[in-house]
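# Architecture at a glance
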Amino acid sequence: MSTSATVQFSDVVRAFGRGGHTAVDGVSLLVDETSRVGVVGESGSGKSTLVRMLVGLDHPSAGTVEFNGRSIAAMLPDELRAFRLAVQLVAQDTTSSFDPRRTLRDAVRRPLEVLRGMDVAAADGAVDATLRGLGLDPQLANRLPHQVSGGQRQRFAIARALVVRPRLLVCDEAVSALDVSVQGAVLNLVKRYCREHGAGLVFVSHGLPATAFVADRLVVMHRGRVVEDGPREQVLFRPEHAYTRTLVDAHRRTGDRRGSVPA
Amino acid sequence: MTLSAPELATPTAGAPERPATAGPGRRWNAQAVLAVLPAGLLVVVAIVGPFVVPYPPRDVVAAPDLPPNAAHWFGTDSAGLDVFSRTVASTSNDLLIALLTAAVATVAGILIGLLVGMNEARRGPVGFLARGLSRTLDLAQAVPAIVVGLVLVGFFGASIPSLVAALAVVLTPNQGRLVRTEVLRVRGEAYLDAARLAGERPFRMVLRHVLPNSAWPALENATLVFGSAIVLTAGLGFLGVGLPPPTPEWGTMIAVGAPSAAAGRWWAALFPAIALAVSVFAMSALGRRLFRDG
Amino acid sequence: MSGLVRRNLWWVRRLAVLPVHLFVFAVVVFFLVRLVPGDPVRSLSGGQTMTPEQYEAAREHLGLSGSIVEQLLAFLGRIGRLDLGSSVANGTSVSAEMATRLPQTAELAVLAMTLSAAVTLAVGFFVVLRPGNPLSRALAGYARAAGAVPDFCLGVAAIFVFYSVLHWAPAPIGRYDSLLNPPPRTTGFPLLDAALSSDALLLGSMLEHLVLPVLVLVVAYAPMLMKLFIRSLSQSIGDQATRFRIASGASPLMVGLSITRRALPSSVAMFGTIFGFMLGGAVIVEQLFAIPGMGEYAVQAVGRADFVALQGFLLVVGAVSLVVFFVVDVIIMLLDPRRRPGVTVEEG
């Protein structure tokens, strides 16, 4: 549990196609197991591409993304396995993030089987423990993804990420699709995991309130660049960049009080 | 393409969600029996038929051109072979060829569709080859099936294996195209990302997730492929390049019966033609029952 | 100037890939022939003993001498000169045979295709405009049953009914009465030549002999087109655009034209495939009506194991099919500019 998990972005650029548009344009960023980072920005600001590179689903066109000093794009199978055990993602789209033909149990158990090499019985035990920890009935896991509610499915998505006990948890719009009442409960689960296991959190969302609730450091993205990166209070109350002021003001004006610092 | 896309597990607001798997859990009623019965009967005739026919189907058993009568229910053809015995005995040959063809074309189509769909967007020679194969699948539709079948049989002979191979070549491209389209859709699904995060190797991922989620259009279409294979087998037989006579086969029988029909003796061609049409109907009815509502 | 180029670029681009398609097809056929098991020289000589010189000469004659690359280049070179080699069975030029036989088959397919298109248009509008009519229900049902009864079954039935029983049609032998002289060859298309020769008797006899084969092809393959046209026509009638036109007081003719224009592209897209079926159907129907076309030639070639003739047959049919697909593509792009390659739909 004492090993560190550091992901370092150095001048990362990600462009698509020949002369196509540049989703991420010169980002440098460091996150580790002590981070509670919130990444905010409007849709199209490059957040999702950043996330995909952070978890190793995509690779930069220029610059490097390194995990504990090793470029993720150049990793050998064993290194990649260690990386996958350490960094996990809760994805945006819960409806399509589960194979419609396989049970939820199968999906949650799979990382243990592949990454930890556990047999089915042992993995099932660990799956049940994780599910109970998230307030899910293990019986539900025998259903197909469309046979549970959206909130339950999102908890299964979290369970799938947490079952390998990652050192760094990345959430990409993880609560955006949920009812406000469910959002709070899910956010608390995420926070509790990170507190109890000493894991880092990267929380990506276009919603400032939820992000400010879980993060103590805020990164603001705008048109593929990081325009602001600092402690939560500083970003919220003394923003340096014009775009950040617009973003914060927008939330103020809509009367969303949770935009201010929660207790 | 007449296939309707089944609902996938993409729940729309308020709509009740239903399983993505097509098939089991249907109600069985008179209509269902009506749809499955002809296909079942056909299989029974194909298996049992050759052993219970009244006359040996390959031998001259009576005077030529006898109209249907009590001894020869469907009459005899211009050579004096019993039309009823031959029509029944043909069932196993035509059905076997069509069944094997449908199986080979579907399996090959699924494999090709997977291969093309997974590699089409790649850079380098693999992607280039995959894109070439993809265009070839499109273009293969351009050349008439019976022409390709005719030439292949001409090259490779007219035994059951070579007929199956020739027809599979003709019918595989469409199956491949159907699967390719699905693979392209599945490739965008988030559960493939999830599998990658779970450490799944590419090959296992295709096996566990891409294959089961993209093969269904080819499986649905298999009954139609079966129908096409029967018609093409008979068509080649009709042209005189199918299974060599006196092997009983509907197309060959119709070819033999055609001059008789022109001379007013309808029976030698009519009965095999009916058998042919009934088999095609039976299989398409079965296909509709298995894969569609209603 | 550059505007002119840009406006015509779409079909020029499509035209440019046509030779590539033909080239790829020729290469596939080349390798297909080389997959044939056994030694073609041995199997064609029928087990005759040959001197090594004779054997080599035979190999060379069949284009089988030299390395595979040399063979391929020589093969492509000959095709470029439209030389399809000479028949193994009787030494006649395959190209010359194709030149007389292709028009026979093509004429049949084109006539059937034209008639099918006309029938489809008429039936489509009748069914969609008079949905309650029993006749239109029968027609729609027939369209749905598309392709259930194969062409050759229909052909045998047609000969039995119209020739044998009713005596309406002439004997199913050839293109015209065997007592008449063939038309002087000008275009190669028998019907066209007969019309040009102003031999009324011959023309009449040809038309008589054409009725049944064309009818069989239309009855067998028009339903596929009908099914599609009826479906897209009913969709197009329910469109927002149609309602708008009716609401804004356009004349029924304008409304009809607009509906047809939007229903056509999807049906035209099927034209290529259905023309392929027609061509295949013509090959079969020729056999039934003893028409000396491509199909008859190919069937004879199979019987004689004449792989040069078969290869030529496949190349010609393939080339015709690819050209038809090209024409169909261009027509679709004319009707629906969004399908032109390189067209980007403007946003916003």
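Along its length, chain A carries 9 helices and 10 strands. On C-alpha atoms alone, chain A measures out to a radius of gyration of 18 Å, which is about the 18 Å that the 2.2 N^0.38 rule sets for 263 residues. With respect to the three principal axes, the spread of C-alpha positions in chain A is 55 × 45 × 40 Å. Relative to its 263 residues, chain A shows a buried fraction of 52%. Of all intrachain contacts in chain A linking residues separated by at least 6 positions in sequence, the fraction that spans at least 24 positions is 66%. Of the roughly 11,200 Å² that chain A leaves accessible, carbon and sulfur atoms contribute 49%. Side chains of chain A give 34 positive and 28 negative charges; the mean places of these two sets differ by 3 Å.

Fine structural detail should not be taken from predicted coordinates in areas where pLDDT scores are low. Across chain A, the average pLDDT comes to 86, with 93% of residues at 70 or higher. In the model, residues 256-263 of chain A has pLDDT below 50 throughout and makes 13 contacts with residues more than four positions away in sequence or in other chains.

This next bit is on the sheet that holds strand S9 (residues 217-222) of chain A. All names here are of chain A. The sheet built from 6 strands is open, its strands ordered S6-S7-S8-S3-S9-S10 with mixed pairing. Of all the strands in the sheet, the pair left with one neighbour each is strand S6 (87-90) and strand S10 (225-231). Averaged over all neighbouring strand pairs, the angle between strand axes comes to 15°, with direction disregarded. In this structure, S6 lies alongside strand S7 (residues 168-172), joined through 4 bridges in parallel fashion. Bridge pairing links Gln88 to Leu169 in S7. Running over the sheet, helix H6 (residues 180-197) touches strand S3 (36-40), S7 and strand S8 (200-205) and is turned about 155° from S8.

On to the interface of chain C and chain B. Contacts between chain C and chain B engage 38 residues on the former and 33 residues on the latter. Of the roughly 3,200 Å² buried where chain C meets chain B, counting both sides, 86% is carbon and sulfur surface. When residues of chain C are sorted by the area they lose upon contact with chain B, C:Phe152, C:Val156 and C:Phe160 head the list and together hold 16% of the total. Taken together, the connections running from chain C to chain B amount to 0 salt bridges. In this assembly, chain C and chain B are joined by 1 residue pair in polar contact (both at pLDDT 80 or more). Breaking the side of chain C that touches chain B down by element, the ones donating at least two residues are helix H1 (2-35), helix H7 (151-165), helix H9 (200-237), helix H11 (252-289), helix H12 (294-303) and helix H13 (307-335) of chain C. For the side of chain C that touches chain B, the leading source of residues is H13(C), giving 10 residues.

The next point concerns empty space enclosed by the protein. Taken as a whole, this structure holds 7 cavities of 30 Å³ or more when the rule is applied. Computed from the structure, the largest cavity encloses a volume of approximately 130 Å³. Residue lining of the largest cavity: 15 residues in total, with A:Ala107, A:Arg160, B:Tyr191, B:Ala195 and B:His209 positioned closest to the centre. Put simply, the parts of the chain that give the lining of the largest cavity at least two residues each are helix H3 (104-115) of chain A together with helix H6 (190-197) of chain B. Residues that form the lining of the largest cavity fall into these classes: 6 nonpolar, 3 polar and 6 charged.

Per the counting criterion, the structure on display carries 25 salt bridges over all chains. Close ionic contact of A:Lys47 with A:Glu173 constitutes a salt bridge, the shortest N to O distance being 3.6 Å. Linking A:Lys47 in helix H1 (residues 47-54) with A:Glu173 in the loop between S7 and H6, this pair joins segments that are 126 residues apart in sequence. Of the two residues, A:Lys47 and A:Glu173, neither departs from the other in class, the shared state being buried. In the salt-bridge network here, residues are joined through shared partners; they are A:Arg102, A:Arg105, A:Asp106, A:Arg109, A:Arg110, A:Glu113, A:Asp124, A:Asp128, B:Glu200 and B:Arg208.

This next bit is on the packing of helix H2 (residues 83-119) of chain B against helix H8 (residues 216-239) of chain B. Residue and element names in this part refer to chain B. Two elements in contact, H2 and H8, have axes whose closest approach is 8 Å; the angle formed by their N-to-C orientations is 135°. If you check the angle between H2 and H8, you find them oblique. Crossing geometry of H2 relative to H8 is assigned as right-handed. Of the residues in H8, those in contact with Asp94, Leu95, Ile97, Ala98, Leu99, Thr101, Ala102, Ala105, Thr106 and Ile110 of H2 are Ala218, Leu219, Ala222, Val225, Phe226, Ala229, Ile230, Thr233 and Ala234. Considering only residue class, the contact of H2 with H8 consists of 15 nonpolar, 3 polar and 1 charged.

Another point: the pairing of strand S4 (residues 62-67) of chain A. Residue and element names in this part refer to chain A. In the sheet, strand S1 (residues 7-15) pairs with S4 via 5 bridges, with the strands oriented antiparallel. Residue pairing in the sheet places Ser10 in a bridge with Thr64 of S4. Relative to strand S5 (residues 70-71), S4 is paired through 2 bridges, and the arrangement is antiparallel. Residue pairing in the sheet places Phe67 in a bridge with Arg70 of S5. Linkage of S4 to S5, two consecutive antiparallel strands, is achieved through a turn of 2 residues, within which Asn68 is found at a positive phi near 45°.

This part covers the packing of aromatic side chains. Residue and element names in this part refer to chain B. Counted under the stated rule, the structure contains 11 aromatic pairs over all chains. Ring geometry for Phe74 against Phe84: centres 5.1 Å apart, planes inclined by 85°, an arrangement best described as edge-to-face. Residue Phe74 is located in the loop between helix H1 (30-52) and H2, and its partner Phe84 is located in helix H2; the two are separated by 10 residues in the primary sequence. Seen in terms of ring centroids, Trp266 and Trp267 are 5.6 Å apart; in terms of plane orientation they differ by 85°. Their pairing is edge-to-face. Overall, the relative accessible area of 33% leaves Trp266 in the partly exposed class. Take Trp267: its relative accessible area is 8%, and that puts it in the buried class.

On to the interface of chain B and chain A. Facing the 24 residues of chain B at the interface are 26 residues of chain A. Summing the contributions of chain B and of chain A, the shared interface buries around 2,200 Å²; its carbon and sulfur component is 53%. Between the two partners, chain B and chain A, sit 3 salt bridges. The closest approach of N and O atoms between B:Glu200 and A:Arg110, which form a salt bridge, is 2.7 Å. Taken together, chain B and chain A are joined by 12 residue pairs in polar contact (both at pLDDT 80 or more). In terms of residue count, the dominant contributor to the side of chain B that touches chain A is H6(B) (6 residues). Of the residues belonging to the side of chain B that touches chain A, the class tally is 11 nonpolar, 4 polar and 9 charged.

Cut-off values and rules
- Residues numbered from 1 in each chain as written.
- Chains lettered and ligands numbered in written order.
- Predicted model: local features only at pLDDT ≥ 70, side-chain atom pairs only at ≥ 80, totals over all residues.
- Heavy atoms only, no water.
- Helix = DSSP H or I, 4+ residues; strand = E, 2+ residues; numbered from the N terminus.
- Rg over C-alpha atoms; globule rule 2.2 N^0.38 Å.
- Buried < 20%, exposed > 50% of the residue type's maximum accessible area, 1.4 Å probe, protein only.
- Contact = heavy atoms within 4.5 Å.
- Areas by Shrake-Rupley, 256 points an atom, 1.4 Å probe, with all protein chains shown as cover.
- Lys, Arg positive; Asp, Glu negative; His and termini not counted.
- Charge placed at Lys NZ, Arg CZ, Asp CG, Glu CD.
- pLDDT = per-residue confidence, 0-100.
- Pairing = 2+ DSSP bridges.
- Axes fitted to C-alpha atoms, helices over the stretch in contact; angles between N-to-C directions.
- Buried area = accessible area lost by both parts, 1.4 Å probe.
- Salt bridge = Lys/Arg side-chain N within 4 Å of Asp/Glu carboxyl O.
- Polar contact = N/O pair within 3.5 Å; in protein donor to acceptor, adjacent residues only side chain to side chain.
- 1 Å grid on protein atoms, 1.4 Å probe; cavity = no way out; pocket = protein on both sides within 12 Å on 5 of 7 lines; lining within 4 Å.
- Points joined across faces, edges and corners; volume = space filled by probe spheres on them.
- Nonpolar A, V, L, I, M, F, W, Y, C, P; charged D, E, K, R; others polar.
- Parallel < 35°, antiparallel > 145°, perpendicular 65-115°, else oblique.
- Left-handed = near helix turned anticlockwise from the far one by under 90°.
- Phe/Tyr/Trp six-rings, centres within 6.5 Å; stacked < 30°, edge-to-face > 60°.

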